[in-house]
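Spelled out, the chains give:
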Amino acid sequence: MITISINGKEIRLEKPMTVLEAARSAGIKIPTLCWHEQLEKYGGCRLCLVEVEKMPRLQTACTLMVADGMVIRTETGRIADVRRGILEFLLINHPLDCPYCDKAGECDLQDLVEKYGPVTGRFKEKKRKVPESLEDPVIVRNMERCIVCTRCVRMCEGVQGASAIAVIDRGGHSHIEPFSGGRFDCEYCGNCVSVCPVGAIMSKLHRHSYRPWQLVDEVETICPYCGVGCTLVVQVRDDVIKRVVPKLGTVVNNGLLCSRGRFGYEFVGSKERLTKPLIRIASKTHDASRVTHNEIFREATWEEAISFVAKKLEEIKDKYGSDSIAGIASPRCTNEDNYIFQKFMRTAIGTNNIDSTARTGFAGAQNFIENIFGQGATANIIPGLSNSDSVLVIGGDPTAINPILGLQIRACSRKGGNILTIGKVKGLRFFNPVSLKPVLYTETVLLEGIVTALRERIGLPGSNPNLEAGIKDINISDGEIEKTCGIKGNDFTMFMKILSESSTPSIVIGKELVQSNSGNYKLLLIAAINYLINGRIYLLSERANEQGLLDMGCAPDLLPGYRPLTFAEFRRKYENSWKTSIPDKVGFSIFEMMDAAKEGSLKALYVMGENPVFNLPDARSVEAAMKNIDFLVVQDIFLTETARLADVVFPALSWSEKDGTFTNMERRIQRLRKAVHREGMEDWRIISEVSKHMGVPLNYSNPEDIFNEVSKVSPLHRDMTYEDIEKGEAVYPYKGEPLRGVSEEIKFQVPSSKFQVSDKKLYLKLERPLFHSGTLSTKAPALVNIYPEAMARISPDTAKSLSLGDGDIVRVSTKIGSLELPVSVDKELDNSSVLLSNNFEGKGAFSLMEYTLDSVTKAPCIDYNEARIEKVNI
């Protein structure tokens, strides 16, 4: 126990800390400008100077560690004089433009000058002038206001790991600039904006549009984009979101955000938002992209549209049976929305034909891994990554897919941990990774080689006979790896040494692995690696509530609580609660729905908050299948490609316009809160109204009522309440019963042959950009300004062979279509690949990609799509 005295107040401390931290813990405020709780100690501004008994000089509270018996004074005449002098120096060049500056009202410098002075400045020289920079798409820089506290530099380098800005020049000429010169060449996380104590670095989105004291509400909620589930605060004025800021001290993101979370909120106020129900008046043979929505639909009242949908669904059910109808749920909708949706499909419709785009990777991968290791095997705490002594990354770039999770991997490197990567992981390239980059489509051989080497080095533990039976005969030598994968023996040996000697390893798996050829076998090999090194598995999740919708039962083989549908005792529990029977037949997956639609056996489809026409591969085939459905209902916030084909479109409320919960990739349940008002209905309420008109009432007054039912019927969520969630106690396994004792044999399929890449061919691959998530982010102007259009990314050698340069227009063609796109030359890319994102309307990679279904995970394999590139002469 350490006992100190600050301003006459005795403080007892259980662990060593700085004087500043000790004072803060006791509610004593010491002024600072360079210190920030997310950054390392710096001691630059000197405003935190304090008097310490028996020390002749003033000491910086932010760097001085406490000692037992220390007597400290933070406010004396001597200290006030020093602080006044420091502030006077800072104001030599700082402009007196508070009435104009957007930071006024929340500016640390302004507050300190008001408290300590000086009242007037004594320096008569002219102030330094620096032009305001508006070059960046989302950030405004006014370096006249900069006090060179270096918070932004230390945040960018020491926490974000982007190292995009630095202090340039020396002495009185010191200033902060991007390394790239004029415009930032960075990740646009905006975390530098959060830590700037003055108005030097600000968000461009709300420039000169309000003052901090004019905000009428601040609502804590969850980011709507990826599966990390970052806590953020929505600041509102005039029922409009003015700004989104992070919240310090939260478990998942602790005051950090990525570009999507910070700048991607503008879609909420988009003029393209749907406002009224629409009923189709045009034939589905019309090309929806060539006519306005007024020529396809007419506006209807809610009562008319709901009654019409209920009547049509009843007619189809009576004529063709319940299994002629299917539903697609949404990983962007809340747990409550998804619970009601699956309950509606199973009780009012009477079918298990329920699935989502989680089927494209996350759902199958999680089911496969949990079948080996048990439920909750992927429910690992994200900050735990930074405490691993090694992190293996395969199947995607976590810094782009789940950026805040990616920061934990960077933090692991800074703490001395080892980063191991397989394939291209651009966001970790500056963090000393030991990287293996196999020749395209040879990852299977490499993974077999890793399993072989680990088995030889560590041996089989014997605790999982089923898994060991699947890997005992694998035998790949270092020579085979070098010959097939193009990886040098020394590189592989170093990789294996680090991996085999790790004591607290983690494995991060991305969707690219799941969506590759023989994805189930690669997952088996990854599971074997994890088993042999005794690691933890993290599954990257591209949508905010992928985990939640699965836990709510939005899958053809799952009931709420992630309970298998085929077990009669589980079905009986829900049947007793819902007072109706549940079909025992496993329903269609989302891809089986498309097949059934093509064949004509699927007559009706209800889509909630999803855009399968754009978000499933072979998009043109999906569109043809949708056109073949007799009755299509879509509820969404925009008129998406799928909605344009619908017979009825319901306008839904967006993320910030409703209450509910999300479950992140850790299986942490978090509260989503309404921040702005909009006329309309939540997704769950629309479904409930349709169900009521079909004679099956679903009576709930609010999302909490729905969650209370979930906690009663789902063994996993037993006795959970909103109060538990508010307290942060909704962390897996909650208070409930994780599924135990239900194991099956491990199903996998060993590939019969190895695919050979031709040196003369290009293969289309999917880009997952940092600045976009589905098409939702393209409705946020700030994100579009950063990444404005789809681009075909090719290697320098490919560009040279085709006489192409950045910005040239090319035609990218595959067997099923072509797109004209500008070129971007990517020096990190291999010579066999063409990268294209699936985010921009009319320019999505999935319109060019064929697929085959994995026999085990049911995820689409999008490998082997040969592409041709030719220059378009304009």
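Residues numbered from 1 in each chain as written. Predicted model: local features only at pLDDT ≥ 70, side-chain atom pairs only at ≥ 80, totals over all residues. Heavy atoms only, no water.

A.B. asks: Got a minute to help me understand the sheet that holds strand 10 (residues 217-222) in this structure?
C.D. replies: Hydrogen bonds between backbone groups are what pair the strands of a sheet, and the pairing can be parallel or antiparallel. Judged by pairing direction, the sheet is antiparallel, and its three strands sit side by side in the order 10-11-12 without closing on themselves. A strand with exactly one partner marks an edge of an open sheet, and here the two such strands are strand 10 and strand 12 (240-246). Between one strand axis and the next, the sheet turns through 30° on average, direction left out of account. (Pairing = 2+ DSSP bridges. Helix = DSSP H or I, 4+ residues; strand = E, 2+ residues; numbered from the N terminus. Axes fitted to C-alpha atoms, helices over the stretch in contact; angles between N-to-C directions.)

A.B. asks: I'm lost on the sheet that holds strand 20 (residues 505-509) in this one. Help?
C.D. replies: Ordered by their spatial adjacency, five strands build an open sheet running 19-18-17-20-21, and the pairing between neighbours is parallel. Every interior strand has two partners, whereas the edge strands, strand 19 (434-436) and strand 21 (536-539), have only one. Taking the axes of each pair of neighbouring strands and ignoring which way they run, one obtains an average angle of 15° across the sheet. With three bridges connecting them, strand 18 (residues 418-422) and strand 19 associate as parallel partners. Looking across to strand 19, one finds that L420 is bridged to V434.

A.B. asks: Sorry, what's going on with the environment of I381 here?
C.D. replies: Looking at the secondary structure, you find I381 in the loop between helix 10 (362-373) and strand 17 (390-394). Looking at I381, the relative accessible area reads 34%, which means it is partly exposed. In the structure, I381 is positioned 351 residues away from Y732 in sequence and 9.6 Å away in space, judged by C-alpha atoms. In this structure I381 touches Y538, E666, R668 and V731, once residues within four positions along its chain are discounted. (Buried < 20%, exposed > 50% of the residue type's maximum accessible area, 1.4 Å probe, protein only. Contact = heavy atoms within 4.5 Å.)

A.B. asks: Hey, could you run me through the pairing of strand 28 (residues 669-672) in this one?
C.D. replies: If a strand is regular, its side chains alternate between the two faces of the sheet. The alternating pattern of strand 28 places I669 and R671 on one face and Q670 and L672 on the opposite face, and all of these are buried. Pairing of strand 27 (residues 660-663) with strand 28 involves four bridges; the strand directions are antiparallel. From the neighbouring strand, T661 faces strand 28, where its bridge partner is R671. Between strand 27 and strand 28, which pair antiparallel and follow one another directly, the connecting turn spans five residues, one of which, R667, has a positive phi of 70°.

A.B. asks: What exactly am I supposed to notice about the nonpolar core here?
C.D. replies: Among soluble globular proteins, nonpolar side chains are generally buried collectively. The biggest cluster of nonpolar side chains holds 117 residues, and the ones touching the most others in it are L109, I201, V228, L405, I409, V508 and W655. Among the nonpolar cores identified, the runner-up in size contains 102 residues, and I422, F492, L532 and M608 belong to it. (Core = buried A, V, L, I, M, F, W, Y, C linked by side-chain atoms within 4.5 Å.)

A.B. asks: Which parts of the structure should I look at to understand the environment of L559?
C.D. replies: Note that L559 resides in strand 22 (residues 558-559). A relative accessible area of 0% means that L559 is categorised as buried. Sequence separation between L559 and I279 is 280 residues, and the spatial gap between their C-alpha atoms is 32 Å. The residues contacting L559, other than those within four sequence positions of it, are R346, D551, G553, P564, L565, F570, R571, Y574 and I582.

A.B. asks: Sorry, what's going on with the domain arrangement of the protein chain here?
C.D. replies: Accessible area lost upon the coming together of the parts is a frequently used measure of interface size. Taken domain by domain, the protein chain consists of domain 1 (2-75), domain 2 (123-269), domain 3 (278-357 + 545-735), domain 4 (379-539) and domain 5 (762-871). A straight line from the C-alpha centre of domain 3 to that of domain 5 covers 30 Å. Contact with domain 3, which involves 14 residues of that partner, is made by 24 residues of domain 5. In total, about 1600 Å² of surface goes out of reach between domain 3 and domain 5, with carbon and sulfur atoms giving 60% of it. Summed over the three residues of domain 3 that lose the most area to domain 5, namely F591, F614 and R620, the buried surface amounts to 36% of that side. For the interface between domain 3 and domain 5, the tally reads one salt bridge. Notably, a salt bridge pairs R644 with E841, separated by 2.8 Å at the nearest N-O pair. Where domain 3 touches domain 5, the interface holds seven residue pairs in polar contact (both at pLDDT 80 or more). Those elements that place two or more of their residues in the side of domain 3 that touches domain 5 are helix 22 (612-615) and helix 23 (619-627). For the side of domain 3 that touches domain 5, a count of residues per class yields seven nonpolar, two polar and five charged. (Domains from an automatic or database assignment. Buried area = accessible area lost by both parts, 1.4 Å probe. Salt bridge = Lys/Arg side-chain N within 4 Å of Asp/Glu carboxyl O. Polar contact = N/O pair within 3.5 Å; in protein donor to acceptor, adjacent residues only side chain to side chain. Nonpolar A, V, L, I, M, F, W, Y, C, P; charged D, E, K, R; others polar.)

A.B. asks: Would you take a moment to explain the packing of aromatic side chains for this structure?
C.D. replies: Remark: the centre distance and the inter-plane angle together describe each pair of aromatic rings, the angle taken between the planes. On inspection of all chains with the given rule, the structure shows 18 aromatic pairs. Residues Y441 and Y864 carry aromatic rings whose centres are separated by 4.8 Å and whose planes lie at 85° to one another, so their mutual orientation is edge-to-face. In this pair, Y441 sits in the loop between strand 19 and helix 13 (443-458) while Y864 sits in the loop between strand 35 (860-861) and strand 36 (866-871), placing the two residues 423 residues apart along the sequence. Y441 gets classed as buried once you look at its relative accessible area, which sits at 11%. Feature note: the residues Y225, F267 and W655 constitute an aromatic cluster, connected by ring pairs. When the ring centre of Y42 is taken as reference, the NZ or CZ atom of R154 above it lies at 4.3 Å. (Phe/Tyr/Trp six-rings, centres within 6.5 Å; stacked < 30°, edge-to-face > 60°. Lys NZ or Arg CZ within 6 Å of the ring centre and 35° of its normal.)

A.B. asks: In this structure, what is going on with empty space enclosed by the protein? I would like to understand it.
C.D. replies: To find leftover empty space, one rolls a probe the size of a water molecule over the atoms. The final tally for this structure, using the stated rule, is ten cavities of 30 Å³ or more. As for the largest cavity, its lining consists of 23 residues, of which K511, E542, R543, R768 and G774 are closest to the centre. Breaking the lining of the largest cavity down by element, the ones donating at least two residues are helix 11 (398-401) and strand 29 (762-767). In terms of residue class, the lining of the largest cavity is built from five nonpolar, ten polar and eight charged. When its volume is computed, the second largest cavity comes out at roughly 110 Å³. Lining the second largest cavity are 14 residues, and of these C156, C186, C189, G190 and C192 sit closest to its centre. Counting residues per element, the ones that place at least two in the lining of the second largest cavity are helix 4 (151-160) and helix 5 (191-195). Grouping the amino acids of the lining of the second largest cavity by side-chain chemistry returns ten nonpolar, three polar and one charged. (1 Å grid on protein atoms, 1.4 Å probe; cavity = no way out; pocket = protein on both sides within 12 Å on 5 of 7 lines; lining within 4 Å. Points joined across faces, edges and corners; volume = space filled by probe spheres on them.)

A.B. asks: So what exactly am I meant to see when it comes to the pattern of salt bridges here?
C.D. replies: For side chains of opposite charge, pairing can occur when their charged atoms come near one another. For the coordinates displayed, the defined rule picks out 48 salt bridges. With a closest N to O distance of 2.9 Å, K658 and D683 form a salt bridge. Residue K658 is found in the loop between strand 26 (648-651) and strand 27, and its partner D683 is found in helix 24 (residues 683-693); the two are separated by 25 residues along the sequence. Each of the two residues, K658 as well as D683, counts as buried. In this structure, E767 engages R793 in a salt bridge whose closest nitrogen and oxygen atoms are separated by 3.0 Å. Pair noted here: E767 is in strand 29 and R793 is in strand 30 (residues 792-794), with a separation of 26 residues, a long-range link. The exposure classification of E767 matches that of R793, with both residues buried. Residues participating in the shared-partner salt-bridge network are E75, R83 and K115.

A.B. asks: Can you help me understand unusual backbone geometry in this one?
C.D. replies: A negative phi holds for most residues other than glycine; trans holds for most peptide bonds. With an omega of 5°, the peptide bond running from G117 to P118 counts as cis. Position of P118 among the secondary structure elements: in the loop between helix 3 (108-116) and strand 6 (139-141). Cis geometry is adopted by the peptide bond preceding P733, which originates at Y732 and carries an omega value of 10°. Following the sequence through the fold, P733 ends up in the loop between helix 26 (722-726) and strand 29. With phi around 75°, K54 is a residue other than glycine that occupies positive phi space. Counting through the fold element by element, K54 comes out in the loop between strand 3 (49-52) and strand 4 (59-60). We note that S163 has phi near 50°; this positive angle belongs to a residue other than glycine. As for its placement among the helices and strands, S163 is situated in the loop between helix 4 and strand 7 (165-168).

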